[in-house]
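The chain contents come next:
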Amino acid sequence: MYYPVAVAVVKYRNDIFQSDLRAMIFDNSSFLSNAGAYGINDLDLVRYTFSGVAARKLISSETNSENLISIAEKIIEEYFNVKGNKREDYVYRYLDPGLCAYSSYHYKLLQKIEQVLGPFRNIGLTGDYWRGASIEACFRSAEEAVQKLIYMNDIAPEHESC
Ligand SMILES: Cc1cc2nc3c(=O)[nH]c(=O)nc-3n(C[C@H](O)[C@H](O)[C@H](O)COP(=O)(O)OP(=O)(O)OC[C@H]3O[C@@H](n4cnc5c(N)ncnc54)[C@H](O)[C@@H]3O)c2cc1C
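Because the structure is a prediction, the values reported are computed rather than measured. (Residues numbered from 1 in each chain as written. Predicted model: local features only at pLDDT ≥ 70, side-chain atom pairs only at ≥ 80, totals over all residues. Heavy atoms only, no water.)

Enquirer: How would you sum up the site of the ligand? Please name residues and give values.
Expert: Taken together, 13 residues sit near the ligand, with R47, G127, D128, A133 and I135 positioned nearest. Between A133 and the ligand, the recorded distance is 2.5 Å, taken from a backbone N or O atom to an oxygen atom. I135 places a main-chain nitrogen or oxygen 2.8 Å from an oxygen atom of the ligand. Contact with the protein chains removes 37% of the 1,000 Å² of surface that the ligand exposes when unbound. Going through the elements one at a time, strand 1 (2-12), strand 5 (87-100) and helix 4 (135-155) are the ones with two or more residues in the shell around the ligand. Its residues assigned to classes, the shell around the ligand shows 7 nonpolar, 3 polar and 3 charged. In terms of domain composition, the shell around the ligand takes at least three residues from each of domain 1 (2-100) and domain 2 (106-155). (Near = heavy atom within 4 Å. Polar contact = N/O pair within 3.5 Å; in protein donor to acceptor, adjacent residues only side chain to side chain. Areas by Shrake-Rupley, 256 points an atom, 1.4 Å probe, with all protein chains shown as cover. Helix = DSSP H or I, 4+ residues; strand = E, 2+ residues; numbered from the N terminus. Nonpolar A, V, L, I, M, F, W, Y, C, P; charged D, E, K, R; others polar. Domains from an automatic or database assignment.)

Enquirer: How would you sum up the pairing of strand 3 (residues 34-37)? Please name residues and give values.
Expert: The sheet contact formed by strand 2 (residues 23-25) and strand 3 spans 3 bridges and is antiparallel. Paired with M24 across the bridge in strand 3 is A35. As paired elements, strand 3 and strand 4 (residues 45-50) share 4 bridges and run antiparallel to each other. Opposite A37, over in strand 4, you have V46 as the bridge partner. (Pairing = 2+ DSSP bridges.)

In structure tokens form, the structure reads like this:
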């Protein structure tokens, strides 16, 4: 299952963050899931991510990006230097589908997929649904898929072909 996400990267005139405090995450009651510096030394560049159950009531392909950014600024102004800090530029994207969501029984789905497709030696499965959505997890699952293809095709050629 995939849910939508909206992301804005905003450049401000002055630094928003301090070098030792460059990001904050918010719980699922917030429209904003996180705000973080878009680079270790880019303290004036913020990536706002809108995802989760609260954000889904607010974001759509019709959402006004400037309003959304204003809402995010209001949320972080208590913690960071955003009040009166001029927005100089920004980029915004709404993605639907966006982020992979996992049910408590996700492992059962994976077992079922493995059962059906695992024996096919020319199919290696990968993706955010497999090992997790982080880039690192996606790389790990891609590596596993490649290893499976190599193993099934080179080391164990006697396996049944699809
Ligand atoms: C807005 C956003 C911000 C994120 N930020 C972070 C982050 O900061 N850190 C982090 O770790 N993760 C982040 N993620 C999560 C991470 O980017 C994804 O979980 C990951 O990219 C998913 O990898 P994937 O290989 O499953 O799919 P994708 O990266 O979507 O790759 C699938 C590829 O398949 C191609 N494709 C699709 N259909 C076909 C077809 N029929 N034929 C050929 N090619 C096809 C697509 O063009 C695409 O290149 C973010 C995700 C989103 C949406």
